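Working through the structure, step by step
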Amino acid sequence: MTLAIHGGAPVRTAPWPAWPPPIDSAQRELVTKVLESGLWGATQGGSVVADLTAAFARRSGVRHGVAVANATLGLFGALRGLGVGRGDEVIVPAYTFVASATAVLLAGATPVIADVDPVDLHLSPGAVRDALTGRTSAIMPVHLAGSPADMDALNDLAARHGLAVVEDAAQAHGATYKDRPVGGLGDVGVYSFQASKAMTAGEGGLIVCRDEAVHERVWSVCNLGRALGGQWYGHPFVGWNLRLTEVQAALLLPWLDRLDEEIDRRNTFCAALERELAAVPEVTVVPATEGTTRDSRHLLMLRLDSGVDRAFLLAAMAAEGVPLDAGYPPLGTMSALSGEGARAEPCPVAGEAANTVVWVRQSMLMDAPGAAADIAGALAKVLRHRGDAGIAKPSVN
């Protein structure tokens, strides 16, 4: 059977589900209400941002939250609210989005890039331990692809060394670790509402925390240095305008009512694909961290055998109508970060993942379970041509 990239018929011609999905009636009604009210900004007297913030805090198992313009600013606000700044170091995983490091730089601190676990690709507690110095002030685990990081081990390590824990939960809306919701497991958690995320208003973010004093500091950072409950033109601290709008909150608040159903849908698809992949031995699913009780399935990460030419496989899969994503390069290889002072520890696991891991995007996981056969079938078709030029990596003599 000829590969589509070589002129053959593709495995799939039907489109995959679009993301974001069409707005539902509840979103339409609330957005219209906000638009017609004229109370679009977060400080004009509307209530939707406050309602969204309270609902997200409850879902995260904590009392407090602050809605912000995006999750990068959310991580920045969380760090500044925890007192992280010049002279401090924050440990971040090597296999994550660049914002995990740039938010640290924005706060004036130094990102320290540590390696990830070879099985689940989350921040490795052992690598964190090796990266600690007298300047370390915080750890920033990322709940990668919608599954939780190893929070018990990381929290224990942080407690022993007096460090803050900022959870980057940008991809993990609705995920749980040992039946506890992510976001509320560390000192502060941050969610994203960027266009690709499980809940989206195009952009946006939300910070959650349990400690009232931390919440007051984070709120001030995100509200121009005002004191919560203080004078409107009193600015006792340095802060910025990082606020979410009422219009964005109106898109997000009703989404909470359908979030669990969408997570179930993605899990059903992933289970079907894992069954189909039993017939494709060159591909395995990257497992969730031990202790995960609910994986929100923002992405499904697949690990390829080391002999597979990943670049050609990605091009061939796209031609078959099954586009996969190459995923992250290791943070430590980015010269822009090192040029700003970031320090990279040895990260061989992240380096290997950058060459062997591919992603199935969230929009594809929203399809009916039967569509999993198209992904597995296309992988099997492409991998059957391992002897063709460009399929297998050339041997090194």
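Residues numbered from 1 in each chain as written. Predicted model: local features only at pLDDT ≥ 70, side-chain atom pairs only at ≥ 80, totals over all residues. Heavy atoms only, no water.

On the UniProt side, "modified residue: N6-(pyridoxal phosphate)lysine" (unreviewed entry) is annotated at positions that read Lys 197 here. On the accessibility criterion, Lys 197 (12% relative accessible area) is buried. Contacts of Lys 197, omitting those with residues within four sequence positions, involve Trp 19, Ala 170, Gln 171, His 173, Ser 192, His 298 and Gln 362. (UniProt positions renumbered as here; feature names shortened; annotations may be inferred. Buried < 20%, exposed > 50% of the residue type's maximum accessible area, 1.4 Å probe, protein only. Contact = heavy atoms within 4.5 Å.)

Our focus in this paragraph is the environment of Gly 85. If you trace the backbone, Gly 85 turns up in the loop between α3 (71-81) and β2 (89-93). Remark: the alpha-carbon pair of Gly 85 and Ser 25, spanning 60 residues in sequence, is separated by 44 Å. For Gly 85, the contacting residues outside a window of four places in its chain are Ala 107, Gly 108 and Ala 109. (Helix = DSSP H or I, 4+ residues; strand = E, 2+ residues; numbered from the N terminus.)

Segmenting the protein into domains produces domain 1 (25-257) and domain 2 (260-384). The C-alpha-based centres of domain 1 and domain 2 are spaced at 25 Å. For the domain 1 and domain 2 pair, buried surface summed over both sides reaches about 3,500 Å², with 57% attributable to carbon and sulfur atoms. Seen at the junction of domain 1 and domain 2, the total is two salt bridges. Residues Arg 59 and Asp 260 are paired through a salt bridge, measuring 3.1 Å at the closest nitrogen-oxygen approach. For the interface between domain 1 and domain 2, the tally reads 27 residue pairs in polar contact (both at pLDDT 80 or more). Looking at which element gives the most residues to the side of domain 1 that touches domain 2, the answer is strand β3 (residues 110-114), with five residues. Counted by class, the side of domain 1 that touches domain 2 contains 26 nonpolar, twelve polar and ten charged residues. (Domains from an automatic or database assignment. Buried area = accessible area lost by both parts, 1.4 Å probe. Salt bridge = Lys/Arg side-chain N within 4 Å of Asp/Glu carboxyl O. Polar contact = N/O pair within 3.5 Å; in protein donor to acceptor, adjacent residues only side chain to side chain. Nonpolar A, V, L, I, M, F, W, Y, C, P; charged D, E, K, R; others polar.)

On to the sheet that holds β3, then. Taking strand neighbours across the sheet as the criterion, the eight strands line up as β1-β9-β8-β5-β4-β2-β3-β13 in an open arrangement whose pairing is mixed. At either end of the open sheet lies a strand with only one pairing partner, and these are β1 (64-68) and β13 (343-344). Here five bridges tie strand β8 (residues 188-192) to strand β9 (residues 205-209), and the two strands are oriented antiparallel to one another. Bridge assignment links Gly 189 to a residue of β9, and that residue is Val 208. Where helix α6 (residues 151-161) meets the sheet, it contacts β4 (136-139) and β5 (164-168), and its direction lies at approximately 150° from that of β5. On the sheet, helix α7 (residues 212-222) packs against β1, β8 and β9 and is oriented at approximately 15° with respect to β1. (Pairing = 2+ DSSP bridges. Axes fitted to C-alpha atoms, helices over the stretch in contact; angles between N-to-C directions.)

The subject of this paragraph is a negative patch on the surface. Residues Asp 187, Asp 211, Glu 212 and Glu 216 make up a contiguous surface patch of negative charge. Mapped onto the elements, Asp 187 comes out in the loop between β7 (180-181) and β8. According to the relative accessible area criterion, Asp 187 is partly exposed, its value standing at 34%. (Patch = residues over 30% accessible without salt bridge, like charges linked within 9 Å, V, L, I, M, F, W, Y side chains within 5 Å. Areas by Shrake-Rupley, 256 points an atom, 1.4 Å probe, with all protein chains shown as cover. Lys, Arg positive; Asp, Glu negative; His and termini not counted. Charge placed at Lys NZ, Arg CZ, Asp CG, Glu CD.)

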